[in-house]
Structures are given as C-alpha cells and as structure tokens.
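# Descriptive analysis of the structure
Listed below, chain by chain, are the residues.
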Amino acid sequence: MYEPIRAKSVHSTLDGPNPDIPHRSREEELDIQLAGHLAALLAVTDELRAAAPSADLDVAAERIAEQVARLRDGHTPARVPGGRRRERGAAALHQRAQALAGRALVVAASRADTAAAILAAERMDAHTAALEPRELASR
C-alpha cells in the first residue's frame, strides 16, 4: 500500500550535527543577547544625553560602550554623534532605558557576568530615580 522510502530524509539528525551549519554555544548566544540589550541601552542613553546633557549620563554611556565592546571582542558599538533626537519625552526615554537595563540584568545574571550585571542594576536604579519625582507629582 505504501512505497518504502528510498532516500535519506533531509530532516534526519541521525548523522549528528551538520558541519556546514555553524552552531553557537549557550554562552555565545547569551553574549550576543547581552551585547544587543546593552547597545540598545546605549542608544537610549545617547538620546537622553542629547535631550538633557549630564555628566552622569556621559559616564554611563562610556561604561556601557566599554561593556558592549568587551562582549563583541573589541568591536566598538556604532553611535550617532550627539545622539538621535526623537520626539519622545524624557520620561518615555527613562522608562525605555529602565526596561532595557532590566533585560540586560536578567541576561547578565544568567551568564554570571558580574560587571555587566552591576552596570545594568546601576542604570536601572538611575532611571527609576529619574522617574520617581514625575510619578509622585502626577498623583
């Protein structure tokens, strides 16, 4: 009733991993994820710096850029000089930065990267503090 299969299945994994397809370890995947979250945090930090320059944001941006470069084997992150100025308010930028720092903290903790976890936690605290006066004033 059924004809027997005459060729190997293209979906078969019985032969083991295919050497033609690159595979990354869990640590490499986490490095890529963490670098992405930190690069996004750096972009938002640069936007905040363009909107309201401060020494704290300047130092934070440099520290974030160092971590991204470390995770990308020395490749510095692409940055727009002076930061991109979008039509978002400071509160929205701080909320975005807080969320990105939280994501970076989760990934840094899962890969046991103490330096990145400390930096992400500090940035979360800083953006939370920047949002608190606005939250209290709106109540």
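The paragraphs below set out a description of the structure included in this document.

Each value, and the rule that gives it
Residues numbered from 1 in each chain as written. Predicted model: local features only at pLDDT ≥ 70, side-chain atom pairs only at ≥ 80, totals over all residues. Heavy atoms only, no water. Helix = DSSP H or I, 4+ residues; strand = E, 2+ residues; numbered from the N terminus. Buried < 20%, exposed > 50% of the residue type's maximum accessible area, 1.4 Å probe, protein only. Contact = heavy atoms within 4.5 Å. Areas by Shrake-Rupley, 256 points an atom, 1.4 Å probe, with all protein chains shown as cover. Axes fitted to C-alpha atoms, helices over the stretch in contact; angles between N-to-C directions. Parallel < 35°, antiparallel > 145°, perpendicular 65-115°, else oblique. Left-handed = near helix turned anticlockwise from the far one by under 90°. Nonpolar A, V, L, I, M, F, W, Y, C, P; charged D, E, K, R; others polar. Core = buried A, V, L, I, M, F, W, Y, C linked by side-chain atoms within 4.5 Å. Salt bridge = Lys/Arg side-chain N within 4 Å of Asp/Glu carboxyl O. Expected span 1.5 Å × (residues − 1).

### Quick look at the overall build of the chain
- If you tally the helices and strands in the chain, you get four helices and zero strands.
- Mapped in sequence order, the helices and strands of the chain form the string α-α-α-α.
- Expressed as a percentage of the 139 residues in the chain, the buried residues total 29%.
- A separation threshold of at least 6 residues defines the contact pool for the chain, and within that pool the share at least 24 residues apart is 69%.
- If you sum the accessible surface of the chain, you get close to 9300 Å²; carbon and sulfur atoms cover 55% of it.

### A short note on the packing of helix α1 (residues 26-51) against helix α2 (residues 55-71)
- In the contact formed by α1 and α2, the axes pass within 9 Å of each other and the chain directions differ by 155°. As far as their axial angle goes, α2 and α1 are roughly antiparallel. In the crossing of α1 with α2, the sense of the turn from one axis to the other is left-handed. Judged by residue contacts, Asp31, Leu34, Ala35, Leu38, Ala39, Leu41, Leu42, Thr45, Asp46, Leu48 and Arg49 of α1 engage Leu57, Asp58, Ala61, Ile64, Ala65, Gln67, Val68 and Leu71 from α2.
- Taken together, the residues of the contact of α1 with α2 break down into 13 nonpolar, two polar and four charged.

### So, unusual backbone geometry
- A positive phi angle, close to 55°, is found at Asp73, a residue other than glycine.
- By secondary structure assignment, the location of Asp73 is in the loop between α2 and α3 (90-110).
- Notably, Ala112 is not glycine yet its phi reads approximately 60°, a positive angle.
- Within the element layout of this structure, Ala112 appears in the loop between α3 and α4 (114-138).

### Re the nonpolar core
- Of all hydrophobic cores here, the largest spans 25 residues; its most connected members are Leu34, Leu38, Leu41 and Ile64.
- Those elements giving two or more residues to this core turn out to be α1, α2, α3 and α4.
- The element that contributes the greatest number of residues to this core is α1, accounting for eight residues.
- Beyond its immediate sequence surroundings of up to four residues, Leu34 is in contact with Leu71, Ala104, Val107, Ala108, Arg111, Asp113 and Ala116.

### A look at the pattern of salt bridges
- As enumerated under the stated definition, the model contains ten salt bridges in all.
- Glu62 is the salt-bridge partner of Arg79, the closest N and O atoms lying 3.3 Å from each other. Note that Arg79 is positioned in the loop between α2 and α3 and Glu62 in helix α2, a separation of 17 residues in sequence.
- Arg79 sits in the partly exposed class, given a relative accessible area of 30%.
- The salt bridge partner of Arg70 is Asp113, with a shortest N-O separation of 2.5 Å.

### Observations regarding α2
- Helix length check: α2 (17 residues) gives 25 Å between terminal C-alpha atoms against 24 Å at 1.5 Å per residue, within 8%.
- Once α2 finishes, Asp73 follows within two positions and takes phi at roughly 55°, a positive value.

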